Amino acid sequence: WNGKPVQQEYTFPQFKVVLEDMHRRFPNWNVAGKLMKWAREHPAVVALQKQPKMDRPPTKKALLIGINYSGTANELGGCINDVRSEMRVLTNVFGFPQENVLLLTEDQNDSSKLPTC
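What you see is a predicted model; the values in this text were computed from it and never measured.

Thresholds applied
- Residues numbered from 1 in each chain as written.
- Predicted model: local features only at pLDDT ≥ 70, side-chain atom pairs only at ≥ 80, totals over all residues.
- Heavy atoms only, no water.
- Salt bridge = Lys/Arg side-chain N within 4 Å of Asp/Glu carboxyl O.
- Helix = DSSP H or I, 4+ residues; strand = E, 2+ residues; numbered from the N terminus.
- Core = buried A, V, L, I, M, F, W, Y, C linked by side-chain atoms within 4.5 Å.
- Buried < 20%, exposed > 50% of the residue type's maximum accessible area, 1.4 Å probe, protein only.
- Polar contact = N/O pair within 3.5 Å; in protein donor to acceptor, adjacent residues only side chain to side chain.
- Contact = heavy atoms within 4.5 Å.
- Patch = residues over 30% accessible without salt bridge, like charges linked within 9 Å, V, L, I, M, F, W, Y side chains within 5 Å.
- Areas by Shrake-Rupley, 256 points an atom, 1.4 Å probe, with all protein chains shown as cover.

A few points about the pattern of salt bridges
At step 1: Counted according to the given criterion, the structure contains one salt bridge.
At step 2: The closest approach of N and O atoms between aspartate 107 and arginine 84, which form a salt bridge, is 3.0 Å. Here aspartate 107 is found in the segment after strand E2 (101–105), whereas its partner arginine 84 is found in helix H4 (residues 79–92), with 23 residues between them in sequence.

Next comes the structure, spelled out in C-alpha cells:
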C-alpha cells in the first residue's frame, strides 16, 4: 500500500483478506474499529443502509399447528379446520408458497406431520 486512495472495488471476501492482512501487519492501527466508525458516520453509507434491500424478496415461511386432542377429556373442536383455513389464506391471499408452509395436525397419516409425540 502506497498511501494513495484505491479506486478498485472489492468483493466481500477480497475486502476481508485485505483487512486481515492490514490487521496482521499493523496491529496497533485498529483498522476494523476505524472502518466501523467511518461506516456509522459516512453519509453515503448511512443512506445505503436506509434503502430497502431489493436484491430478492423475503422468503415467506409459516408453521401451522392444529390439535383437537381427539379422544381425550380435553377434546377441542375446530382447531384442525382453523389451521387449514389459515393455510389457504396464507397461500392464496398473502402469497406464501405452499411448500414453505408446514401444517402439523393430528389427523394426518404422515408421522412427520404429527404435532405431538
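What to know about the nonpolar core
At step 1: Ranked by size, the top nonpolar core spans eight residues in total: Ala62, Leu64, Val83, Met87, Leu90, Phe96, Val101 and Leu103.
At step 2: Every element with two or more residues in this core is listed here: strand E1 (62–66), H4 and E2.

Concerning the side chain of threonine 91
At step 1: Mapped onto the elements of the fold, threonine 91 is located in helix H4.
At step 2: At 3.3 Å, the side chain of threonine 91 forms a polar contact with the backbone oxygen of arginine 88.

Things to note about the environment of threonine 91
At step 1: Spatially, the C-alpha atoms of threonine 91 and lysine 60 are 9.9 Å apart, while their sequence positions differ by 31 residues.
At step 2: Once residues lying within four places of it in the same chain are set aside, the contact partners of threonine 91 are Phe96, Gln98 and Val101.
At step 3: In this structure the side chain of threonine 91 is engaged in a polar contact, spanning 2.9 Å, whose partner is the backbone oxygen of methionine 87.

Some remarks on a nonpolar patch on the surface
At step 1: There is a patch of nonpolar side chains on the surface, built from Leu63, Ile65 and Leu102 and spanning about 270 Å² of accessible area.
At step 2: Note that isoleucine 65 resides in strand E1.

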